Every structure is written in structure tokens, then in C-alpha cells.
Amino acid sequence: MNYYDSHAGFTFTNVKLQVTEITAKQNHFNVSRIDEIYFNEEIDFSKDKETKISSLLQAAFEELSIKNPITSNSASFSLPQELFVTSHLPIEHSLLNFDLTEEFRWNLSILYPYLNWNDYVISFYEVDEKNVGVNDIALVFALNRKYIKIINDFCGKNNLKLKFIDHCHLAANNILNLNLLSKINNHVSIYISQKTLSVLVSMEGKPVYYEDIPIKSAYEVPSIIKDKFNELNQKQFNFSLAFLIGDSTSSGIAKTLTEITGINFSLVNPFTQLKADTSIMTNKYYTETNHLFSPSAGVAARI
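Residues numbered from 1 in each chain as written. Predicted model: local features only at pLDDT ≥ 70, side-chain atom pairs only at ≥ 80, totals over all residues. Heavy atoms only, no water.

J.: Hey, could you run me through the pairing of strand E7 (residues 137-144) in this one?
T.: Looking along a regular strand, one sees the side chains alternate between the two faces of the sheet. Among the 8 residues of E7, 8 are classified as buried, and the element is accordingly described as predominantly covered. Here E7 shows a buried face lined by Ile-137, Leu-139, Phe-141 and Leu-143 and a second buried face lined by Ala-138, Val-140, Ala-142 and Asn-144. Sheet topology places strand E5 (residues 84-90) next to E7; 7 bridges connect them, and they run antiparallel. Directly across from His-88, in E7, lies its bridge partner Leu-139. (Buried < 20%, exposed > 50% of the residue type's maximum accessible area, 1.4 Å probe, protein only. Helix = DSSP H or I, 4+ residues; strand = E, 2+ residues; numbered from the N terminus. Pairing = 2+ DSSP bridges.)

J.: Help me out: how do you make sense of unusual backbone geometry in this one?
T.: Note on backbone geometry: most residues besides glycine have negative phi, and most peptide bonds are trans. For Asn-159, which is not glycine, the phi dihedral falls at a positive 55 degrees. For Asn-159, the location among the structural elements is in the loop between helix H4 (145-157) and strand E8 (161-167). For Asn-159, a relative accessible area of 68% corresponds to the exposed category.

J.: How do you make sense of the sheet that holds strand E10 (residues 196-203) when you look at a structure like this?
T.: Where strands meet in a sheet, backbone hydrogen bonds hold them as pairs that are either parallel or antiparallel. Reading across the sheet, the 5 strands line up as E11-E10-E9-E12-E13 and stay open at both edges, with mixed pairing between neighbours. Each of the sheet's edge strands pairs with one partner strand only, and the pair in question is strand E11 (206-214) and strand E13 (265-267). Adjacent strand axes in the sheet meet at a mean angle of 20 degrees, parallel and antiparallel pairs treated alike. Sheet analysis places strand E9 (residues 186-192) next to strand E12 (residues 241-245), joined by 5 bridges and oriented parallel. Paired with Val-188 across the bridge in E12 is Ala-242. In this fold helix H7 (residues 251-261) packs onto E9, E12 and E13, with an angle of close to 165 degrees to the strand it touches most, E13. (Axes fitted to C-alpha atoms, helices over the stretch in contact; angles between N-to-C directions. Contact = heavy atoms within 4.5 Å.)

J.: I would appreciate a short explanation of the packing of aromatic side chains in the present structure.
T.: Where two aromatic rings form a pair, the distance of their centres and the angle of their planes describe that pair. The tally for this structure, following the rule as stated, stands at 18 aromatic pairs. Ring geometry for Tyr-112 and Tyr-114: centres 6.2 Å apart, planes at 90 degrees, overall edge-to-face. You can call Tyr-112 partly exposed: its relative accessible area is 23%. Taken together, Phe-10, Phe-61, Phe-77 and Phe-154 form an aromatic cluster joined through their ring pairs. (Phe/Tyr/Trp six-rings, centres within 6.5 Å; stacked < 30°, edge-to-face > 60°.)

J.: It is not clear to me how the sheet that holds E8 should be interpreted in this structure. Could you clarify?
T.: Spatially, 6 strands are ordered E8-E4-E1-E2-E3-E14 in an open sheet, and the strand pairing comes out mixed. Bordering the open sheet on either side are E8 and strand E14 (275-276), each of which pairs with just one other strand. Where strand E4 (residues 74-79) meets E8, 5 bridges bridge the pair, whose relative direction is parallel. Bridge pairing links Ser-74 to Lys-161 in E8. Together, strand E1 (7-12), strand E2 (16-25), strand E3 (28-38) and E4 form the strand contacts of helix H1 (residues 50-67), whose direction differs from that of E3 by roughly 120 degrees.

J.: Before we go on, may I ask you to explain the pairing of E1 in this structure?
T.: For E1, the buried fraction is high: 6 of the 6 residues fall into the buried class. Burial along E1 is two-sided: His-7, Gly-9 and Thr-11 and Ala-8, Phe-10 and Phe-12, pointing in opposite directions, are all buried. Of the strand pairs in this sheet, E1 and E2 are connected by 6 bridges, and their pairing is antiparallel. When the sheet's bridge partners are listed, Thr-11 is paired in E2 with Gln-18. Two successive antiparallel strands, E1 and E2, enclose a turn made up of 3 residues. In the sheet, E1 pairs with E4 via 5 bridges, with the strands oriented parallel.

J.: Which parts of the structure should I look at to understand the packing of H1 against H4?
T.: Pairs of packed helices are described in terms of their axes, by the angle between the two and the distance that separates them. Contact geometry for H1 and H4: axes closest at 10 Å, N-to-C directions at 40 degrees. For the element pair H1 / H4, the angle class is oblique. Between H1 and H4 lies a crossing of right-handed hand. Every residue of H4 that contacts H1 at Glu-50, Ile-53, Ser-54, Leu-57, Gln-58 and Phe-61 is listed here: Lys-146, Tyr-147, Ile-150, Phe-154 and Lys-157. Residues of the contact of H1 with H4, tallied by class, amount to 6 nonpolar, 2 polar and 3 charged. (Parallel < 35°, antiparallel > 145°, perpendicular 65-115°, else oblique. Left-handed = near helix turned anticlockwise from the far one by under 90°. Nonpolar A, V, L, I, M, F, W, Y, C, P; charged D, E, K, R; others polar.)

As far as function goes, none of this settles anything; it's purely spatial.
In C-alpha cells:
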């Protein structure tokens, strides 16, 4: 465990800013704050200028601070699926990390020639052949530098040390591994947001498959998941646990997916294995809508 006095994890979406503050106390993580603020207007990341996005982010943070000042000196952010370009790409193990990243950049430029790939930061997860039944691949995630600059400038303005910027689904998967001890299990998690449904399969706690699927309404979700699970079974992905994450999830959706797939779907309570200050024990976000804070808790507790 990395020790720090206090760390704030933010989830930054197109409609709101969420925060989970976690403190390391006596060899365990302690949740000291959970909160959220909705923006005055919805952000369109594909059209809105950086100045507008920055302004809405800052205004939400100031409103959070008026309610209760942020005590942390460091912060990490999770960002929505729609801001990332993702792909499964072959991996060449003879290449060093920098050369491998540039190889991915070249491959992505072939797949998405309309994007300026010099503007993107690339990260990746290696996937072992034994987990996918094909040649070794990498799950590649790319984020435009302008979003990194927005967050870095925000942290500088508010005297916060930026530690991590993460994909919302990967951040939530971190809390699954940490809280639910799922490193010993194979599991699938479904992240449902307004416009995107993402599927992440993990084996021994490591991502081995990821896919974004555009959606128009929640009514599409059951049929999409049923078809996707049939496809994953054909790929011989075997998992015993399934989890629902994201703003558009509910116990009703979990029940429906359990019925149509035969696999038990659970909403994720990210605070199950975390101690909490007595001051937030009655907080509605802690008692009623805790499953919505998995990404912010995941980046706050990132090791």
C-alpha cells in the first residue's frame, strides 16, 4: 500500500463532478468524504471548447468546496468512456516500451486516419495468449492531451497534486479488485452510461477483453448483453462473477440481466471493504447510491 495523508478521487462526466476522499489510517483505507455536484449545463465533449469545459469543472469544484472544503493535497481523475479511443492490437515483445507505444500509435493511425495521433497519450495492458486463445495482444487506450491539460491546469489552480488520470471503467475495476478480492476470480463488469455500454473481462484481476458499444436507451441493454455474453462464451471466456457499474445502472437492470444470462449480476458497492468516518455513515451517497461512486473510489484508492 502506498501511504498518503489523504487522496481525492474525482469522476468527471458530461453532467457532474463526483468526489471520494480516502485517507490511509492504521494500515487501512478510510473513506472521509463522498459528494457530487451537477453542472449548470451538460458538457458536449465533442463540440465544447476547453475554456467552457474548464469553467464548468472549476465552478462545480468551488461549489463542492463551499459545502465542505477538500482536505486532500493530491487528486486523481476518472474520465468517461467516450473520451478514449480503444483497440485490441497485436503486441511485439521484442520492442521496448517507448517503441511499442509508437507501434501502437502507428496502428491506430491506420484504423483512425482522421485523428491527429500526436495529440494522444497512449497506455496499454498486455494480454497473455493463455487468457484469450490467440496470439498475445494489448488492450490499448488513448486519450487526447487536451483533456490531460484541462485537468492538470485545474489541479494547479486549486493547489492539488495530480497523481493519475484513468478510464472510468478501469478505475471501477480497480475497486472491484481491491474491495471484492476478485483477483482470485474471473469476472465481467458492465459499465452503462448515457450513450455507451462497455464490457470488461478480467482474469486473475487483469483486463483481458474490452469493448465499447454505443446505446440509445436503457431498453437496448438486455438484448445487447445477452448477445455479447453468447459471443464471449464462444471465445471461451469463462467467468463466474458479473458486476454492473455506471450512472445508468439499477437493481432492476441487474435482476433482468441475471434472468436472461443465468449469471448473477450485482451492483457494486465500492465501500464494502473500506472503513468510513462516522460523519458519512448516514450520507445518502454512502447508504443509497454508493454504486454510483465506484470510479471515484477506484482512483482514490489506486495503488
